[in-house]
Structures are given as structure tokens and as C-alpha cells.
Amino acid sequence: MTTTLRPEGPETPTTAGGRTRRWQICANGRPVGALRTTAVPHGSQLFGEIAELEIRESRGRGRGTFGALAAEEVLRGWGCTRVDVNIPEPAGIARALAVTLGYTERMRNLAKRLTTAPALPTGVTARRIEPAELPAWLDRAAQDYVGSLTDSGLSPEQAHAKSHLDHSNLLPQGADSPGVALRHLCAPGEPEPLGSLWVDLHLRDLPDGEPLAWVMVVEVSPAHRGRGHGRTLMLLAERECLAAGVRNLGLNVFTRNDVAIRLYASLGYRVTNRVYGKPL
């Protein structure tokens, strides 16, 4: 029995300047499933993504494996240097397939439904990160982000390209970019902030149309770590969301960051997706 990929529709450009196409997975010419390949520019490189992989017939006969491997060949042909797959948390079979094909878990997406604005601990306040402060703060945040991306499997060049693209796209007007909260956490008598926070207050809409905010950076200053300020910054993020009328908050956490994973779990965040990747 021969299994092939067949285009389901035309290749289309993406808003980020990449390309995407949906494919049918066919057995002897008969569609048994489908998937989508996407190439996303990151600096001078292209990162590949495989999504929407589904097998509707002939499950358990290697159709998913063939589809994923064929999709990798498509992405190689498009010039992609690595590939990621974003797998919903309930899809245990898909996660097992990714591991079998040599993918490594890089990060997790978490989310929480917000109801009541939490109180901040006594003695701490939040203030805006001013435009004059933003460049130096972004440089520090970018260094941490690049380090985390490298630890998760990206090359240094790939990590720097992704960091630059993400920050440029999400803060087009710097500290005055609309729809973001950029905050320092402060305490009386402390000359420097205890930590800082960046929340995109309307990153995208959920399937039901409700807005979803996203924690882009939560950072505790080195001199103040181990004192619970990471939890306080997350409470501040929830307050900022609710003040903006947003009741869904999400974030990424890198798989190796055990401390952050425990913190988010204790605050009620649940895993919604896991991102697996490998070089091509």
C-alpha cells in the first residue's frame, strides 16, 4: 500500500512573510488524513511548523508517522533549518509519535481563566516602565530569552533571530505600544525594582471569540530572587488583564525551568499544549 502527500489547496503566503500549505495524506490515492506545513522567517532563517495532523482512517498503520516524515521533507525543500510541532495536551498518542520521530519537548503553553483580581502583598507597588528605561531593560530581557531558547534546542543564531523578531513585532512603538502592560515591581527603600513584567493584553482570540492575553516576560531581579516576587509579578499580570477586561491569560514556560513550572501550577495554570522540536 502506497502512502503519499497530495496538496489539498494552493500554497498561500503568511502575514509574517512565510508560506503555508495544507496537505492530504493519501493511501493508494484515497485520503485518510491531513496536515499543514508552514515556514516562518526568523532573521535569515526559516523555521518549519507541522500542524493540524489528523488520521481519519487506517489508524495504527503508520499513517501519522509517514505524514510527519513527508512534512519534514516539504519543509526541508522550503529551506527550513528546524521544525516544531505544537501538540494539544490531551493528545498523548501524538506526543508519543513526536518522541519516536526524534522530537524533544522544548516548552509548554499554559493558561488560566481569571475571575477576581488578586491583592498584591503589602509594601509593594507597580509602576510603568518608562520609554527611557525600555532599551536597557529589553536588552537584559533579550539576553535571558536567548539563553532559554538556546537551552531549549535552538542554535545561538536561531535564538538571536527569534528574539529580535519577537520583540520588534510585539513592541512596534516601544513603551507606548498599544495593548501592552510594561511594569516594574517596586518596594520602599529599594533603589532598584524588585522585578519586571511584560504582558500583551490581547495577543489573539480564543476559538469562542474571547480575548487571550499573554505573559511575555516575568523577571525577578537577581538580588531579590527566592523571596516570592515571581508569584507577586504573576498576580500583577492577572490584575492588569482584568483591568483591561481580559479574563484569559496564557504563557510559555521552557521545559527545563522546573521552578517556574511549579510556581505556575500552584497558581492554577494548566498545560494546554506542548511544543516539540528538532533540527532539520
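A short tour of the structure in this document, coming up.

Calculation criteria
- Residues numbered from 1 in each chain as written.
- Predicted model: local features only at pLDDT ≥ 70, side-chain atom pairs only at ≥ 80, totals over all residues.
- Heavy atoms only, no water.
- Pairing = 2+ DSSP bridges.
- Helix = DSSP H or I, 4+ residues; strand = E, 2+ residues; numbered from the N terminus.
- Buried < 20%, exposed > 50% of the residue type's maximum accessible area, 1.4 Å probe, protein only.
- Polar contact = N/O pair within 3.5 Å; in protein donor to acceptor, adjacent residues only side chain to side chain.
- Salt bridge = Lys/Arg side-chain N within 4 Å of Asp/Glu carboxyl O.
- Phe/Tyr/Trp six-rings, centres within 6.5 Å; stacked < 30°, edge-to-face > 60°.
- Lys NZ or Arg CZ within 6 Å of the ring centre and 35° of its normal.
- Core = buried A, V, L, I, M, F, W, Y, C linked by side-chain atoms within 4.5 Å.
- Contact = heavy atoms within 4.5 Å.
- Disulfide = S-S within 2.5 Å.
- Arc of directions from axis to C-beta.

What follows concerns the pairing of strand β6 (residues 80-88). Bridge count between strand β5 (residues 45-55) and β6: 5 bridges; the pairing is parallel. The partner of F47 across the bridge, within β6, is R82. Two elements, β6 and strand β13 (residues 270-279), share 7 bridges in a ladder whose sense is antiparallel. By the bridge assignment, R82 is partnered in β13 with P279.

A few words now on the environment of E52. Take E52: it is sitting in strand β5. In this structure E52 comes out as partly exposed when scored by relative accessible area, which is 43%. Spatially, the C-alpha atoms of E52 and T37 are 8.8 Å apart, while their sequence positions differ by 15 residues. Within the structure, E52 has its side chain in polar contact with the side chain of R22 (distance 2.7 Å). Side chain to side chain, E52 and R36 meet in a polar contact 3.0 Å long.

So, on to the pattern of salt bridges. Two side chains carrying opposite charge are able to pair once their charged atoms lie near each other. What the rule picks out here adds up to 21 salt bridges. Salt bridges sharing partners connect three or more residues here, namely E8, R22, R36, E52, E54 and R56.

Each aromatic ring pair is characterised by the separation of its centres together with the angle its planes make. Taken as a whole and judged by the stated rule, the model has 2 aromatic pairs. Each ring, one from W137 and one from W198, has its centre 6.5 Å from the other, and the planes form 65 degrees; the classification is edge-to-face. Taken together, the positions of W137 in helix α3 (residues 134-151) and W198 in strand β10 (residues 195-205) put the pair 61 residues apart, joining distant regions of the chain. Taken individually, W137 and W198 each receive the classification buried, so the pair is uniform in this respect. Considering the side-chain rings of Y264 and Y269, the 6.2 Å spacing of their centres and the 65 degrees angle between planes classify their relative orientation as edge-to-face. Each member of the pair, Y264 as well as Y269, carries the same accessibility label: buried. Here the guanidinium or amino end of R21 rests over the ring plane of W23, the centre of that ring lying 5.3 Å away.

By size, the foremost hydrophobic cluster in this structure holds 29 residues, and its most contacted members are V199, C241, L249, L251, Y264 and Y269. Of all elements in the fold, only β9 (180-186), β10, β11 (211-220), α5 (229-243), β12 (248-254) and α6 (258-266) reach the threshold of two or more residues within this core. When residues in this core are grouped by element, the largest group, 7 residues, is from α5. Dropping the residues within four chain positions of it, V199 is found in contact with G179, V180, A181, A213, W214, M216, A237, C241 and L249.

Within this structure, the stated rule accounts for 0 disulfides. Just so you know, C241 is unpaired, no disulfide at all, and the nearest cysteine sulfur is the one on C186, 19 Å from it. Judged by its relative accessible area of 0%, C241 is buried.

Further remarks concern the pairing of β5. The pairing of strand β4 (residues 30-42) with β5 spans 9 bridges and is classified as antiparallel. Across the sheet, residue T37 finds its bridge partner in β5, namely I50. Counting the residues in the hairpin turn of β4 and β5 gives 2 residues, including G43, whose phi is positive at 65 degrees.

Attention now moves to helix α2 (residues 92-100). Within α2, burial applies to R95, L97 and A98. When α2 is viewed along its axis, its buried side chains cluster within an angular range of 160 degrees and face the same direction. Turned more than 90 degrees away from the buried face of α2, the exposed residues are I93 and T100. Check the buried side of α2 and you find it contacts β5, α1 (63-77), β6 and β13.

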